[in-house]
Amino acid sequence: MSQSEDESWLPKPSSRTAPFFEAASEGKLRLQCCDDCGTWTFPYRERCQHCGSRSIVWRDASGRGTLYSHGLLRRAYHPRHEDRLPIVLAQVDVAEGVRLSTNLVDVALDAVKVGMEVEVAFESLPDGGIIPVFRPVTD
Amino acid sequence: MNHPMNGTAAVSGLGMTEMGRVYRSTVDLASEAVYLAIDDAGIDKSELDGLLINSGITRGLDLHLHVALGLQELNLLTFMQGYGSSAGQMIQYAAMAVANGLATNVACVFADAPLVEGQRTGASYSGGRRFGGDALSSLQGLYGFTGAIPMFAMAAQRHMDLFGTTRDQLGQIAVSQRAWAGLNERATKREPITLSEYHDSPWVVEPFHVLDCCLVSNGAICVIVTSAEQARDGQQPPVYIRGFAQGHRHDTGQAVSDSAIRGPGSRSASRALAMADASLGEVTQCQLYDCYTYTVLVTLEDYGFCEKGEGGAFVEDGRLGPGGALPTNTGGGELSSYYMWGMTPVSEAVIQGRGQAGERQSSNDLIICSGNGGMLNYHSTVVLSPETAS
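The rules behind each value
- Residues numbered from 1 in each chain as written.
- Chains lettered and ligands numbered in written order.
- Predicted model: local features only at pLDDT ≥ 70, side-chain atom pairs only at ≥ 80, totals over all residues.
- Helix = DSSP H or I, 4+ residues; strand = E, 2+ residues; numbered from the N terminus.
- Rg over C-alpha atoms; globule rule 2.2 N^0.38 Å.
- Pairing = 2+ DSSP bridges.
- Axes fitted to C-alpha atoms, helices over the stretch in contact; angles between N-to-C directions.
- Core = buried A, V, L, I, M, F, W, Y, C linked by C-beta atoms within 7 Å.
- Buried ≥ 20, exposed ≤ 12 C-beta atoms within 10 Å, placed from the backbone.
- Contact = placed C-beta atoms within 7 Å.

**A short note on the overall build of chain A**
Counting its regular elements, chain A contains one helix and eight strands. Moving toward the C terminus, one meets the helices and strands of chain A in the order α-β-β-β-β-β-β-β-β. A globule of 139 residues ought to have a C-alpha radius of gyration of about 14 Å, and chain A, at 16 Å, matches this closely. Each principal axis of the C-alpha distribution contributes one length, and for chain A these read about 45 × 40 × 25 Å.

Listed below in structure tokens is the structure:
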């Protein structure tokens, strides 16, 4: 692993992307949304990729979605991966219409299936950062 | 009506360096490939008046390659980047250039040297570089999305969940191609493999084993494109460029697109075949971009060789391998021979089109050749044949 001990796990948010990480620390999934046409977007853009509007705002998403696809990470590429392999890689289609690349947690491996309903959860990193992950809908 | 570009241009020269752990610079490799192609075509360096350049993951080539080659009288020169679709694209632009008198002999060259002494095989492809900059994209490294493998593995998994495609079926693609590689002296991996050995090979990202993934190779390949008339007088049997097209789409991150299952290859292939005035049923062999086993499967479906979702059943009887009904990636492909991006399928198509493939020579009446870049984002198709348009 090439990453040094003193290096933070959480990428340093910029002024543009800070709302995403601030929301995560509050237990919310916050994404960009076009105030004109209502299209949600990820990752960061300053112009709506659908209608071209610059009226992009950050808005709290429902945190619910369905599993578009999944894979099982079997090798560590980052200190976070060590001691917790295999990790379920997931693409989640959130209800607002954006596809997120993320991890699926708290799930039996043989229960992971395209189309399953998932909801956002939050993982605390050793350096104090918090990142959104997803888990099966429990209610 | 015959399309004006159907058979107007041809491949007259092919230059291939040694491939694999060849620790030379990309510029040196590219230069050698160009000189080999010139010799192969039987032309003098002074007759080379066009140069199209594409470099791989290490970005080791740029426009200055012509300086290393001492080419001072060029009528056409550019550096291009369409990732894995570049090789097919270069041939297309070269064909249009020679057909319209911009240049007479155009060298299309690719080189890459991702293998570094003392460094593990995949290092150049999984480096942190791709995740630099914006924190939201850097986050992907924490989740485990490093390089292209996770996205292709998940695309294959979706195909498996939706259509019941099996691991045996993906494995059969690797097994068939390895069988071809055994007949190719240039191939890096020539030892035959069984399905059982495929399943025993280490996981990378499930459902992908190491044997689902292409090799990493250093090397260079150059093809020379000229007019059909010039090619007929050439040193090598001409391989006519009968049809070509491209198809590109950007994955916008919107949940509406089923980008894992449907690529832009369908649009590209149907238009390329229309230019060649040919139908899919007339294709006698495929040279398909195979960065992963799944790329072959999805391309066969997108091209229409079988219905969407039926790719697994289509390949499982060994149809793609030696003796099969649809010889595919007859040199072993990127999985087993060498990974020169889109030049891997292009070079084998030229060898086959000339009838110079020796033991692995397959029916070459109509060869369809694909290039894929990104996560099924960028696509090129070239249709080649030893026969000119009728």
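**A few points about the sheet that holds strand S3 (residues 76–79) of chain B**
Residue and element names in this part refer to chain B. The strand order S3-S2-S4-S7-S1-S8-S11-S10-S9 describes an open sheet built from nine strands, whose pairing is mixed. The open sheet has two free edges, formed respectively by S3 and strand S9 (285–287), since each of these has just one partner strand. Geometrically, the sheet is characterised by an average inter-axis angle of 25° between neighbouring strands, direction not taken into account. As judged from the seven bridges shared by strand S4 (residues 106–112) and strand S7 (residues 219–227), these two strands associate in the antiparallel manner.

**Side note on the nonpolar core**
Residues and elements named next belong to chain B. Among the nonpolar cores identified, the biggest contains 153 residues, and Ala33, Ile91, Cys108, Val109, Val223 and Val225 are the most heavily contacted of them. Of the residues forming this core, the biggest block, eight residues, is contributed by helix H1 (residues 26–41). Residues in contact with Cys108, not counting those within four places in the same chain, are Leu52, Met90, Ile91, Ala94, Cys222, Val223 and Val225.

**Some details on the sheet that holds strand S2 (residues 40–41) of chain A**
With respect to topology, three strands assemble into an open sheet ordered S2-S1-S3 (chain A), the strand pairing being antiparallel. If you trace the sheet from one side to the other, it starts and ends with S2 and strand S3 (56–60) of chain A, each paired once.

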